[in-house]
Amino acid sequence: MEVTMKIEGMMCGHCSGRVKAALEKLEGVSEAVVSHESGTAIVKGESLDPAALKAAVEAQGYDVVG
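Residues numbered from 1 in each chain as written. Predicted model: local features only at pLDDT ≥ 70, side-chain atom pairs only at ≥ 80, totals over all residues. Heavy atoms only, no water.

Asker: Is there a simple way to explain the overall build of the chain in this structure?
Answerer: The helix and strand inventory of the chain stands at two helices and four strands. For the chain, the succession of helices and strands along the chain, N to C, is β-α-β-β-α-β. For 66 residues, the compact-globule formula gives about 11 Å, and the C-alpha radius of gyration of the chain, at 10 Å, lands near that figure. The principal-axis extent of the C-alpha atoms belonging to the chain is close to 30 × 15 × 15 Å. Looking at the 66 residues of the chain, the share that counts as buried comes to 33%. Here the chain displays about 3800 Å² of accessible surface, and carbon together with sulfur accounts for 51% of that area. Across the chain, the mean location of the 6 positive side-chain charges is 4 Å away from that of the 10 negative side-chain charges. (Helix = DSSP H or I, 4+ residues; strand = E, 2+ residues; numbered from the N terminus. Rg over C-alpha atoms; globule rule 2.2 N^0.38 Å. Buried < 20%, exposed > 50% of the residue type's maximum accessible area, 1.4 Å probe, protein only. Areas by Shrake-Rupley, 256 points an atom, 1.4 Å probe, with all protein chains shown as cover. Lys, Arg positive; Asp, Glu negative; His and termini not counted. Charge placed at Lys NZ, Arg CZ, Asp CG, Glu CD.)

Structural data, given as structure tokens:
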């Protein structure tokens, strides 16, 4: 399963690193590829909960817009 998220507010590599770490801590996530340049996160895993993914990103101070 793969989920692509559009994220606003990431300005640098540190930002995308924080989001990547937060997403990869979630159960069911095998990999998260996060880009501050494109403002996206591509999350891969067996069973992904979109609400949990969104909450993890927002807990880091960024907005999920799609």
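Now that the structure has been shown, the text picks up again.
Asker: I would appreciate a short explanation of helix α2 (residues 50–59) in the present structure.
Answerer: Structural remark: α-helix, 3.6 residues per turn; residues separated by three or four positions point the same way. Buried within α2 we find L53, A56 and V57. Within α2, the buried residues cover an arc of 95° as seen down the axis, which keeps them to one side. With respect to the buried face of α2, the exposed residues turned more than 90 degrees away are A51 and A59. Packed against the buried residues of α2 are β1 (2–8), α1 (13–24), β2 (29–35), β3 (40–45) and β4 (63–64). Structurally, the start of α2 carries an N-cap: the backbone nitrogen of A51 is 3.1 Å from a side-chain oxygen of D49. Looking at the residues trailing α2, positive phi occurs at G61, about 100°. (Arc of directions from axis to C-beta. Contact = heavy atoms within 4.5 Å. Polar contact = N/O pair within 3.5 Å; in protein donor to acceptor, adjacent residues only side chain to side chain.)

Asker: I keep staring at the pattern of salt bridges and nothing clicks. Help me out?
Answerer: It is possible for side chains bearing opposite charge to pair when their charged atoms get close. In the structure shown here, the tally under the stated rule is three salt bridges. Measuring nitrogen to oxygen at the nearest pair gives 4.0 Å for the salt bridge that ties K44 to E2. Within this pair, whereas K44 is found in strand β3, its partner E2 is found in strand β1, the two being separated by 42 residues in sequence. When its relative accessible area of 32% is taken as the criterion, K44 is described as partly exposed. (Salt bridge = Lys/Arg side-chain N within 4 Å of Asp/Glu carboxyl O.)

Asker: Where do I start with the nonpolar core in this structure?
Answerer: Buried together is how nonpolar side chains tend to be arranged in soluble globular proteins. With 18 residues, the main nonpolar core has M5, I7, V19, L23, V43, L53 and V57 as its most contacted residues. At the level of elements, β1, α1, β2, β3 and α2 are the ones that each hand at least two residues to this core. Other than its neighbours up to four places away in sequence, L23 contacts V29, A32, V34, A41, V43, L53, A56 and V57. (Core = buried A, V, L, I, M, F, W, Y, C linked by side-chain atoms within 4.5 Å.)

So yeah, pure geometry; function would need other evidence.
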